[in-house]
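Coordinates in review
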Amino acid sequence: MPSPAGISRNDELSRAIKTVLASLEDSKAENIVSIDIQGKSSLGDYMVVASGRSHRHVAAVADHLIRTLKEAGLGSARVEGLAGADWVLVDAGDIIVHVFRPEVREFYNIEKMWQAPDLEEETVH
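A brief structural summary.

Thresholds applied
Residues numbered from 1 in each chain as written. Predicted model: local features only at pLDDT ≥ 70, side-chain atom pairs only at ≥ 80, totals over all residues. Heavy atoms only, no water. Pairing = 2+ DSSP bridges. Helix = DSSP H or I, 4+ residues; strand = E, 2+ residues; numbered from the N terminus. Axes fitted to C-alpha atoms, helices over the stretch in contact; angles between N-to-C directions. Contact = heavy atoms within 4.5 Å. Buried < 20%, exposed > 50% of the residue type's maximum accessible area, 1.4 Å probe, protein only. Expected span 1.5 Å × (residues − 1). Arc of directions from axis to C-beta. Parallel < 35°, antiparallel > 145°, perpendicular 65-115°, else oblique. Left-handed = near helix turned anticlockwise from the far one by under 90°.

**Quick look at the sheet that holds strand β2 (residues 46-51)**
- Across the sheet, which stays open at both edges, the 5 strands sit in the order β1-β2-β5-β4-β3 with mixed pairing between neighbours. Bordering the open sheet on either side are β1 (30-36) and β3 (78-80), each of which pairs with just one other strand. When the angles between neighbouring strand axes are averaged without regard to direction, this sheet yields 15°.
- By the bridge criterion, 3 bridges tie β3 to strand β4 (residues 87-91) in an arrangement that is antiparallel. Bridge pairing links V79 to V90 in β4.
- Strands in contact with helix α2 (residues 55-71) are β3, β4 and β5 (95-100); relative to β4, the strand with the most contacts, it is inclined by about 10°.

Here is the structure:
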């Protein structure tokens, strides 16, 4: 449904995901994966997973993303894990971003879980 200003939710979501991906690219994040989780979870519409080369790089990528979201008028994201910078979670509402050190990303392998095909509702056990 369009807003009074004529901007639909899909337009806003499209702008937000493009902003997130551009920020990660600009920060030289590696192995960026965007996963559409619409209909799979009430957590959000997209999950983005990326890697940084070191603790310092992970923290810099996350910090740049937080600033970019705010400057783009997309609000103040909630952040977890910035102090340790092994795995930083940036919750931007409909988009959840995970920035990992490569070893930590490989260990948790969260994108595999979210990219799994949907099971039918009436699965027989």
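**With respect to unusual backbone geometry**
- With a phi angle near 50°, N31 is a residue other than glycine that sits in the positive phi range.
- With respect to the helices and strands, the residue N31 is situated in strand β1.
- The residue A85 is not glycine, and still its phi comes out positive at about 55°.
- Relative to the helices and strands, A85 resides in the loop between β3 and β4.

**What to know about the pairing of β5**
- Burial analysis of β5 places 6 of its 6 residues in the buried class, which makes it a mostly covered element.
- Pairing of β2 with β5 involves 6 bridges; the strand directions are parallel. Opposite Y46, over in β5, you have I95 as the bridge partner.
- Alignment of β4 against β5, held across 5 bridges, turns out to be antiparallel. Paired with D91 across the strands is I96, a residue of β5.

**Looking at helix α1 (residues 9-26)**
- Along its 18 residues, α1 runs 25 Å from first to last C-alpha, staying within 8% of the 26 Å computed at 1.5 Å per residue.
- The complete set of buried residues in α1 reads L13, A16, I17, T19, V20, S23 and L24. One side of α1 carries all its buried residues, which in axial view fall inside an arc of 155°. For α1, exposure combined with an orientation more than 90 degrees from the buried face picks out N10, K18, E25 and D26.

**A closer look at the packing of α1 against α2**
- Two elements in contact, α1 and α2, have axes whose closest approach is 9 Å; the angle formed by their N-to-C orientations is 140°. The angle between α1 and α2 falls in the class oblique. The two elements α1 and α2 meet at a crossing, and its hand is right-handed. For the pair formed by α1 and α2, the contact residues are T19, V20, S23, L24 and D26 on the first element and V61, H64, L65, T68 and L69 on the second.

Nothing here speaks to function; it is geometry throughout.
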